[in-house]
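Read off the chains here:
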Amino acid sequence: MILCHKGLFTLHTNHTTYQMKADAHGVLLHTYYGPRVEGCDLSYTIRYVDRGFSPVPEEAGEDRTFSLDVLPQEYSGCGTGDFRLPSLDLELPNGSRGADLRFKSFRVERGKYALEGLPAFRGEEDETLTVVLEDAAAGVEVELLYGVLEDYDLITRAVRVINRGTSAVKIRQAASLCLDFQRGNLDLITFDGKHVLERCPNRGPLLPGVRSADSVRGGSSHQHNPFVILCDHSAGEDHGLCFAACLLYSGNFQAAAERSQFETVRLTLGIHPWNFCWTLGPGEAFTTPEAALCCSGQGFTPLTHRLHRCFRERLLRDPWGERPVLINNWESTEFSFDAERLVAIAKSAAPMGVGLFVMDDGWFGARDSDRAGLGDWTVNRDKLPGGLEALVPRIKALGMDFGLWVEPEMVNEDSELYRAHPDWVLQAPGRMVRSRQQLVLDFTRRDVRDHIYGALKAVLSSAEISYVKWDVNRSLAAVWSAALPPERQGEVFHRYILGVYDMLERMRRDFPHLLIEGCSGGGGRFDAGMLYYTPQIWCSDNTDAIDRLRIQYGTSFCYPVCTMGAHVSAIPNAQTGRSVSMETRGVVAMHGTFGYEMDPSRITPEEREVIRRQIAFFKKHQALIHQGDYYRLSDPFQNGPYTAWEQVSPDKREALVFVVSGPAQGGPPLLNLRLKGLEPSFRYQVDGQGDYPGAALMEAGWPLPMPWGDFQSWQFYLSAL
Ligand code: DGJ
C-alpha cells in the first residue's frame, strides 16, 4: 500500500513499513524502514543539531542545524555538504561535479514498473510510486521508482536520470538504492569467495568508515555477490532485526556500507562507479538496474522465506515448472568424446530415471581443448557425424530430453570467427589479456550479437533441444570497444551486460520452452539479474559434497533451492580429491536442481541402485524440496558435528530433513536435532519410525543416528497424520 500525504510517502507491505518525507527545503529525507508501523509521520525521529564542520546549504540561511552531512537522505547526492557515500554523481559541461536533489513531484500508478532491457520483479497487481527530484543547476531530473510487493514484504527500487537541459551531462555514478539508518550498531553480512568456493557468508560489525563488497570483473563475480544483509549484532536465524538488499544485475557492482562519524549507517548498492561514465544527451534518460529490499524483525529465516517466495513467484520465468534430473558429460569426458561415448553415457543413465542429457563443452568448431573453437557455433562433424540431427533422436529414443552447452560471449583466437573479425573483441589497443586462452566478444555491438545469435539460433533450430547451459569462463580485462568513441568508453561494461541480457531475452522469446541454465565457471555470475533469464544457475565448479554444504548454505540466504545447479559427481572429487559416499553426494545435490556429472557405466551395480533410489526419492519430493519453506538447521562454517537443513510445505503437513555428519570422531555425542517450522499441534509420522507432536520435534528434537565414518548422511520424511 502506498500512502502519500503532504510530502510524506509511506509504503506498507504486510509486515514492513518504508517511509520518506520531503522537508521544508525540498530535501527528501529517509524517515524509516523496518517492521510495520502505522499512522505515523516518523520524521519526529530526526534530530537537528549544529555539528561542527557540517556545511549548510544556501536556502537554510544561518540555520546551522540544517546540514545534509547529518540528515538521513533518501537518495544522496554529492558536493552538497553530505560527505558520506554518494548515490548520484554528475559531471556538468563546465567540468563541475556534484548532484543536489530537491523534491519536485510524485505519482502513484497501478502495477509495478518494468525496466526496458533490464531484469525486474513482476507485479501487475502491485503499485508503483515515482518520486521526481531535480537538480536545477544541472538541468537533470531524477525519478526514484518504488515497487511495493506487499505480500512478499519486498520493496523494489530503480532510478531514472533524465537530462532536461540543453547540453550533455555525464553520469559518473548512479546507485540503484541508498538506505540510511539512524543507528551505527549494525552488522554487515557479505557473501564472498573465489572460483570453486563461492558465496561464503562473512559477518562483522560495521566500524567507522566504509566496508564494501564489489566486482570490477565485468560479471557479478565468484568473489563477492550483489546481495548483502545488515542486521542487529545479536540477530540470528529466528530473532533480531535484519535487512536484505540485492541487485538485479550481473555486471560490475558495488555494495558499500558506511558507518559515519555520528553513528549512522548508509548503504548504497548499484553499478560500480569504477570505469563507469555515461554521457546523457539532452532529452535522454538512463535507467539503473533494479534493487530489492526485504526486512524481517524475526531473524534471517523469515527474510529468506520472503526472498525465496518472491524470487520463485515474481522473478523466475520457468518454462518447465518441474526441473528435470539431468546428466552432464563434462566431468566424465571433458573435450574427448564422440557420439558413441555420449550415447553410451545416456544409455546407462536413462534406466535410472535421468530425464535430460546435457552435452557440455567440446561439440562445436575445432574445440578439442580450451585453446580453440569458441565463436564457431557449428557442430564438429568429426565428433558428431550427422550433427545434432543424428544425435538428438538417439537420445530422445532413450526417453530423455537433450541439452547443449554454449559460451556465446567468448572467442578463441584460434577460430574462424576471430580470423574473420579480429576487431570484434573487447580489447584496448596495444593490450592483450587472455584468460583460459579466450577473449571477450564485444557484446555492446548489435552486429556482433546478431552474428552470434544467428549461429546459435540455427543450432537450436536444427534439432529438438530442450535446455541450454549458458557459460562464461573469464573476467573482463583491458576493456575497450572499437565501436565507441573515447568519451564513451566508460559505458562499455554496462552496455556489455545489456547486450548479454538482449541475447538471453531473444533466446527466451524465440524458444519459449527452452530451459536456460546460467553458468560462469560455476557460480561466477550467480545473481538475481541472471535468474530473470536463466531460472537455474550452476552453483559452483566445486562438486565436492562437503564444500558444497558451505556454498549452498551461503547461497540459500537469498536464492531459492530451485535456482541452485547441484550435481553428484565422481570420486575422488576433481576439485578436492575427497571421496564421500554416493548417498551423501546425493543428499547434498538434492539441495538444488539435482543431476549427475559422471559416467554411470563406470560405477558399481550397488551405486547404480543408490542412484535409482535417489532419483525416485527426488522426483517424489521435488515440489517440497523446490517450493517448500527452507530452514537452515545448522551452520556448516561452525564445524559442528553435522550440517542439517529442512524443507516444510506451506500447509506444514509435510517436511523433509537432511543431515550430513562431519569428520568421524571417537565417542561421538548423541544428538537430538531440533526441527523448525512444524505446526506444534500436528502429529507427524517420521519415516515410519513412529509419530510425534510437532512441538516435541521442534523443542525436544529428533534423535540422530550415531555416525560411523566420515560424512554420513540421513534424510527423514515427515507427514502430518
Ligand atoms: C565451466 C563450467 O562451470 C563447467 O561446468 C563446464 O561447463 C566447463 N566450463 C566447460 O568448459
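Summary of the structure given here. (Residues numbered from 1 in each chain as written. Predicted model: local features only at pLDDT ≥ 70, side-chain atom pairs only at ≥ 80, totals over all residues. Heavy atoms only, no water.)

Thoughts on the site of the ligand
Taken together, 13 residues are adjacent to the ligand, and D360, D361, K469, D471 and D541 come closest. Here an oxygen atom of the ligand sits 3.1 Å away from a polar atom, N or O, in the side chain of W405. Here an oxygen atom of the ligand sits 2.3 Å away from a polar atom, N or O, in the side chain of D541. About the coverage of the ligand: the protein hides 97% of its 290 Å² of free accessible area. Looking at the shell around the ligand residue by residue, the classes come out as four nonpolar, three polar and six charged. (Near = heavy atom within 4 Å. Polar contact = N/O pair within 3.5 Å; in protein donor to acceptor, adjacent residues only side chain to side chain. Areas by Shrake-Rupley, 256 points an atom, 1.4 Å probe, with all protein chains shown as cover. Nonpolar A, V, L, I, M, F, W, Y, C, P; charged D, E, K, R; others polar.)

Considerations on helix α10 (residues 582–589)
Most of α10 is tucked away, with seven of its eight residues classed as buried. For α10, every residue scored as buried is listed here: M582, T584, R585, G586, V587, V588 and A589. Looking at the buried residues of α10, the elements they touch are α9 (545–556), β31 (567–569), α11 (605–627), β34 (642–648), β35 (654–661) and β40 (713–720). (Buried < 20%, exposed > 50% of the residue type's maximum accessible area, 1.4 Å probe, protein only. Helix = DSSP H or I, 4+ residues; strand = E, 2+ residues; numbered from the N terminus. Contact = heavy atoms within 4.5 Å.)

Concerning the environment of R431
Inspection of the secondary structure assignment puts R431 in the loop between α5 (416–420) and β26 (439–440). The exposure class assigned to R431 is exposed, which follows from its relative accessible area of 55%. As for R431 and V479, which are separated by 48 residues in sequence, their C-alpha atoms are 9.2 Å apart.

Some words on the sheet that holds strand β33 (residues 629–632)
Read from one edge to the other, the open sheet built from six strands follows the order β33-β34-β35-β40-β37-β38, with strand pairing classed as antiparallel. A single partner strand is all that each edge strand has here, and the edge strands are β33 and β38 (691–693). The sheet shows a mean angle of 25° between the axes of neighbouring strands, taken without regard to direction. Across seven bridges, β35 lies against β40 in antiparallel orientation. (Pairing = 2+ DSSP bridges. Axes fitted to C-alpha atoms, helices over the stretch in contact; angles between N-to-C directions.)

Any functional reading would require information that these geometric values do not contain.
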